[in-house]
Amino acid sequence: MSTGTAETTSDDARFIHDEWDRRTRAHDIDGLLALYLPDAVFESPLVPRIMDTDSGVLVGHERLREFFARGTRGRPEELVRFHRSGRFLFGGGRLMWEYPRRTPDGDQVDIAEVMDLSGRRIRCHRIYWGWFGAPLLARAR
């Protein structure tokens, strides 16, 4: 899969960085889906837990909508604080940032967001879990 397209700018990356976080916090599933291409690929170790499947890969709005709806209902707010620095890395159509374990209010699920963009839309989204959050996935199954 390509990392993105040449027409993706740093302004596009900032838009996705800011809006993805804002819409996720607000539980705005329709708004969140609007950030993804209709055939977007989403990969996360949380997918098997939430969707009761062996694969961690979802494709398309229909599957993403179901995942976001289920995930929003079952989100452990005490461990998902959405604390981040506001900084991100962007180059070649790829956007990356982290939600670090350590926050001013205690530990949170530590994840890295990696997105391949096409303009102001997400083509592919991968989420990587850190040492603090990953064991929570195993305990929840």
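Everything below is about the structure printed above this text.
My aim in this report is to walk through the structure given alongside it, one point at a time. This one's a predicted model, so the numbers in the text were calculated from it and none came from an experiment.

### Things to note about the pairing of strand 7 (residues 111-118)
Residues in a regular strand project their side chains so that they alternate between the two faces of the sheet. Among the eight residues in strand 7, seven count as buried, and that is most of the element. Sheet topology places strand 4 (residues 94-99) next to strand 7; six bridges connect them, and they run antiparallel. When the sheet's bridge partners are listed, L95 is paired in strand 7 with M115. Sheet analysis places strand 7 next to strand 8 (residues 121-129), joined by eight bridges and oriented antiparallel. When the sheet's bridge partners are listed, E113 is paired in strand 8 with I127. As consecutive antiparallel partners, strand 7 and strand 8 are separated by two residues, and within that stretch G119 has a phi angle of approximately 65°, a positive value.

### A few points about the pattern of salt bridges
Side chains that differ in charge, positive against negative, can pair when their charged atoms come close. Under the criterion given, the structure shown has 11 salt bridges. Salt-bridge contacts for R25 lead to D21; the nearest nitrogen and oxygen are separated by 2.7 Å. Of this pair, R25 and D21 are both found in helix 1 (residues 10-25), four residues apart, which corresponds to roughly one turn of the helix. On the basis of relative accessibility, which here comes to 41%, the residue R25 falls in the partly exposed class.

The rules behind these values
- Residues numbered from 1 in each chain as written.
- Predicted model: local features only at pLDDT ≥ 70, side-chain atom pairs only at ≥ 80, totals over all residues.
- Heavy atoms only, no water.
- Buried < 20%, exposed > 50% of the residue type's maximum accessible area, 1.4 Å probe, protein only.
- Helix = DSSP H or I, 4+ residues; strand = E, 2+ residues; numbered from the N terminus.
- Pairing = 2+ DSSP bridges.
- Salt bridge = Lys/Arg side-chain N within 4 Å of Asp/Glu carboxyl O.

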